[in-house]
Amino acid sequence: MLNVSTKDLVPSPVGPVDVEQAEAALVERYPRLVRIAYLVLPPSLGRNRRVLTAHALVQRSLPRRRVAGPSVPEPRLAEDAVDPGYAYVRSEVLRQALVAGLPLRRLALPSRAQFPPLLPHVWGLRLFPRVGGADELALDQRLSRLSGPGRAAYVLRGLERQGDAEVLRVLAAAGVADPAAALAEADALDDAPELPGEGPGGALAQAGVLPPGGVLPPGGGGAGPEGGAAAEPGGPGRSGAGGAGGDRPGPDAAGRPDLPGHGGPGPRRSGAALLESDEFDPCALQARPTDLLRRRQHARAGIVAVAALLVCGALLGLPGDGWGRNGAAAPSYARNPAAEAALDPGALKRVDPAVWPASTRQDFSVWPARGALTGDRALLRRALAVWARPGASVRSSATPGTPVGPPMGPPQLLFAGEVDGARVVILHDGLRAVRYAEPVGGTAGAALDFARTDGADAVGSAALVLSRAAGNVRYLTAPWVRETSVRDLLAPGEDARQLGRDAVGVTEPMTSPALAKGCTRWNTLQVRDGSGFRMLADLGELAPARLLWGPPAAPADATGPEAREAWARTACQLSAVRAHGVRSVNAWRFARQPLPEGAGSGTWLCTRAETWRGTGSRVLAQFLVPSPSVPAALAARSEGSPACGVRDPRVLAGVLWQAPGGGWYVLAAGSPDFTALETSGGVKGRSDGPLLAVKAAAGARADLAGTLPEGTRVRALR
């Protein structure tokens, strides 16, 4: 632990230190200071990071201002004969190196020295000192087993030639909690088994650390002041001539028996001389490349990340809404005069009730503005604002393919009034019908519904859904609708029930099949205009779908007896096209087929649902058994197919049917223009003409294809 006071140690009487004095000492003795930092740093950092960290610690050791000394300088001891600037910088280097060796703790505030240095920094290379011999490797391994304070004590005594008393004072000044324990740890390294090469004639003896024979003479240099090694001014950083500014002992130390490495008795640990070797010199370096393959991968990832950041920054940093200048475009939406006019309730288009009788067209464009709240500007303003910017609390829905953006200009007002406990506004912009609804007691729980209605004719614009509540539906009918009634498709023999309307064209509530879970009743809206009756079905959208009957080239409204009989057995299949943006649904009989075993005749129907958007049409092929109470069986279905329509009126389908006697048959039928039908796979059979019946087993599966007069083969609807 660091930063604990040591009251039993007498501080070294170093005088005041100027910044210039410390900088001169740092520059002059830079190699020595970096070597000290390198040796004290933990070897677990790795040699490359130790080198860079050692340089960084030394370069960060200058004081920010003048460092004050004691008010009354005390007499200096012999071991205090050091340059004050060098002593200060060395103490800072030791303090930072000891902190850098501490582990990061979760709750403790980390120090700058514990992180990899920002400067100096080397890209693409790994730097490390020159490789030494076995003696240096053994010493490095022993130093790695010491703590940071222990390594500092060993370096101060071995590299700085300091005695025990001065080592204790320097460690205390560097923030070591227990300098005596650190010194004892360094002593324990001295008492460890000898390093390789320390025997007689070994590398250490040849280097002059041990005298020939490898035995220290009696009375050799000790670790205390009496030993002489720490008391003489010949070491580096001393004011004497024997080592000022060098990384090696000065010339005055030659032949001195009290200094290590010169033939006389050395410090207690002879391996300290190895601290001067190139193995521990972070200023004489070797360079090797980093992992080239990994660097290439990181470079590619970095380029991609930088490019993404540049693009995002450019988009977000540009003026306006972040997407750059818009050239000749008008200002943003809120400041565009045309857009502001679209949100102005006073600019809404209102058609006079006298317009539609004299108009050459009958569609939504001639609907008059109706309802008791057409003059409520606050309600109309809220409806327009929610249309343009629906909030998160608004329940919004739209038929497939319907854009939900704001109006391009002032829309047309069709209705504004209270219906079933809600204020309802219906608007039209030429492409879409939009219904806004809010509770009478407030605006929370507002709803916004979009439906595409472009190209609507007199029948397509005959009614709009005004409200749905408690399983019922109300319609707003066109001004040319003369009569409204309710007809249950599942009861073709029953007469239509009269459905009342108020003065503005709002019908009374009627049961809607759009939200029904079962299929026990399917009510439709039957309207009468100037040319006849129309049948409209609620499929869960704002605009009801028109029901038709007849060949694709000439369908008619499904109001006749034959049409009602057929729709009574196929109405439940309308749930397959619910909420699909359906404009009209046409059903027609494309074949009658005698059934095997004298079971009567079956009927084949094709039902095609056309959409307002023109794509996504759905086609259903259905088979009807002779019993009128049995619903139609779905034989095949397809989406996006032109079959059964004006472009391609042909259709081919098949079913697996069980006769009353228990036998199973594959029945197939096509429109009249098929010349032959054929089954393959699990059931094989062929017939001339558009009908086919082949005996099969229960659960059999077969592939069906037909041939046209020109020889073209057509697969069954799927």
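See the structure printed just above.
In this text the structure is predicted, and so the values were computed from the model without any measurement.

## Let's talk about the sheet that holds strand E27 (residues 713-715)
Thought 1: Pairing is antiparallel in the open sheet, where four strands are placed in the order E24-E23-E26-E27. Pairing within the sheet leaves two strands with one partner each, and these edge strands are strand E24 (685-688) and E27. Each strand of the sheet is rotated relative to its neighbour by a mean of 20 degrees, with strand direction disregarded.
Thought 2: Where strand E23 (residues 676-681) meets strand E26 (residues 702-707), six bridges bridge the pair, whose relative direction is antiparallel. Residue pairing for E26: Thr679 is matched across the bridge by Leu704.

## A short note on the packing of aromatic side chains
Thought 1: Counted under the stated rule, the structure contains seven aromatic pairs.
Thought 2: Feature note: the residues Trp588, Phe590, Trp604 and Phe623 constitute an aromatic cluster, connected by ring pairs.
Thought 3: A cation over a ring is seen here: Arg29 above Tyr86, with NZ or CZ 5.3 Å from the ring centre.
Thought 4: Over the ring of Tyr38 we find Arg50, and its NZ or CZ is 4.0 Å from the ring centre.

## Side note on helix H13 (residues 561-570)
Thought 1: Counting buried positions over the 10 residues of H13 gives seven, a clear majority of the element.
Thought 2: Taken as a whole, H13 has its buried residues at Ala563, Arg564, Ala566, Trp567, Ala568, Arg569 and Thr570.
Thought 3: For H13, the elements touching its buried residues are strand E10 (483-488), strand E15 (545-549), strand E17 (582-594), strand E18 (601-611) and strand E19 (618-624).

## Considerations on empty space enclosed by the protein
Thought 1: Applying the stated rule across the entire model yields eight cavities of 30 Å³ or more.
Thought 2: Its boundaries defined by the atoms lining it, the second largest cavity holds a volume of some 60 Å³.
Thought 3: In terms of lining residues, the second largest cavity is bounded by Trp567, Thr570, Gln573, Leu574, Val577, Val585, Thr607, Ala609, Arg618, Leu620 and Gln622.
Thought 4: Those elements giving two or more residues to the lining of the second largest cavity turn out to be H13, E18 and E19.
Thought 5: Examining the composition of the lining of the second largest cavity, we find that three residues originate from one element, E19, more than from any other.
Thought 6: The residue makeup of the lining of the second largest cavity, split by class, is six nonpolar, four polar and one charged.

## Some remarks on the state of the cysteines
Thought 1: Taken as a whole and assessed by the stated rule, the structure comprises two disulfides.
Thought 2: Across the disulfide, Cys519 is cross-linked to Cys572 (sulfur-sulfur distance 1.8 Å). Its S-S torsion of about -95 degrees marks the bond between Cys519 and Cys572 as left-handed, since a negative value means left-handed. Of this pair, Cys519 sits in the loop between strand E12 (510-511) and strand E13 (523-529) while Cys572 sits in the loop between H13 and E17; the two residues are 53 residues apart in sequence, bridging distant segments of the chain.
Thought 3: For Cys519, a relative accessible area of 29% corresponds to the partly exposed category.
Thought 4: Linked covalently through their sulfurs, Cys606 and Cys644 form a disulfide whose S-S length is 1.9 Å. Of the two residues, Cys606 is situated in strand E18 and Cys644 in the loop between strand E20 (633-639) and strand E21 (652-658); the sequence distance between them amounts to 38 residues.
Thought 5: For Cys606, a relative accessible area of 0% corresponds to the buried category.
Thought 6: Sequence-ordered numbering of the bonded cysteines in the chain gives a disulfide pattern of 1-2, 3-4.

## Observations regarding the sheet that holds strand E6 (residues 432-439)
Within a beta sheet, neighbouring strands are joined by backbone hydrogen bonds and run either parallel or antiparallel to one another.
Thought 1: Strand order in the open sheet formed by five strands is E3-E7-E6-E5-E4, and the pairing between neighbours is mixed. Across the chains shown, the open sheet's two edge strands, defined by having one partner strand only, are strand E3 (395-398) and strand E4 (412-419). With strand direction ignored, the average angle separating the axes of adjacent strands in the sheet is 10 degrees.
Thought 2: Two elements, E6 and strand E7 (residues 447-452), share six bridges in a ladder whose sense is antiparallel. Note on E7: the bridge partner recorded for Ala433 is Ala451.
Thought 3: In the packing of helix H12 (residues 377-388) onto the sheet, contacts are made with E4, strand E5 (422-428), E6 and E7, and the angle to E6 comes to roughly 120 degrees.

## Some details on the environment of Arg29
Thought 1: Among the secondary structure elements, Arg29 is positioned in the loop between helix H1 (19-28) and helix H2 (30-40).
Thought 2: Distance in space between the C-alpha atoms of Arg29 and Tyr86 is 7.9 Å, their sequence separation being 57 residues.

## Notes on the nonpolar core
Soluble globular proteins tend to pack their nonpolar side chains together in the buried interior.
Thought 1: Val40, Val58, Leu94, Leu143 and Leu171 are the most contacted members of the largest nonpolar core, which totals 47 residues.
Thought 2: Those elements that provide at least two residues to this core are H1, H2, helix H3 (47-59), helix H4 (84-100), helix H5 (134-144), helix H6 (148-158), helix H7 (164-173) and helix H8 (179-191).
Thought 3: Residues Trp367, Val465, Tyr475 and Leu542 belong to the second largest nonpolar core, which totals 35 residues.

## Quick notes on the pattern of salt bridges
Thought 1: Counting across every chain of the model gives 30 salt bridges.
Thought 2: Ionic pairing is found between Arg377 and Asp344, a salt bridge with its closest N-O pair at 3.8 Å. Remark: Asp344 occurs in the loop between helix H11 (337-342) and H12 and Arg377 occurs in helix H12; sequence separation between them is 33 residues.
Thought 3: A residue is classified by how much of its surface remains accessible, and Arg377, at 46% relative accessible area, is partly exposed.
Thought 4: Residue Glu678 pairs with Arg686 through a salt bridge whose shortest N-O separation is 3.7 Å.
Thought 5: Salt bridges sharing common partners tie together Asp529, Arg534, Arg546 and Asp557.

Parameters and conventions
- Residues numbered from 1 in each chain as written.
- Predicted model: local features only at pLDDT ≥ 70, side-chain atom pairs only at ≥ 80, totals over all residues.
- Heavy atoms only, no water.
- Pairing = 2+ DSSP bridges.
- Helix = DSSP H or I, 4+ residues; strand = E, 2+ residues; numbered from the N terminus.
- Axes fitted to C-alpha atoms, helices over the stretch in contact; angles between N-to-C directions.
- Phe/Tyr/Trp six-rings, centres within 6.5 Å; stacked < 30°, edge-to-face > 60°.
- Lys NZ or Arg CZ within 6 Å of the ring centre and 35° of its normal.
- Buried < 20%, exposed > 50% of the residue type's maximum accessible area, 1.4 Å probe, protein only.
- Contact = heavy atoms within 4.5 Å.
- 1 Å grid on protein atoms, 1.4 Å probe; cavity = no way out; pocket = protein on both sides within 12 Å on 5 of 7 lines; lining within 4 Å.
- Points joined across faces, edges and corners; volume = space filled by probe spheres on them.
- Nonpolar A, V, L, I, M, F, W, Y, C, P; charged D, E, K, R; others polar.
- Disulfide = S-S within 2.5 Å.
- Core = buried A, V, L, I, M, F, W, Y, C linked by side-chain atoms within 4.5 Å.
- Salt bridge = Lys/Arg side-chain N within 4 Å of Asp/Glu carboxyl O.

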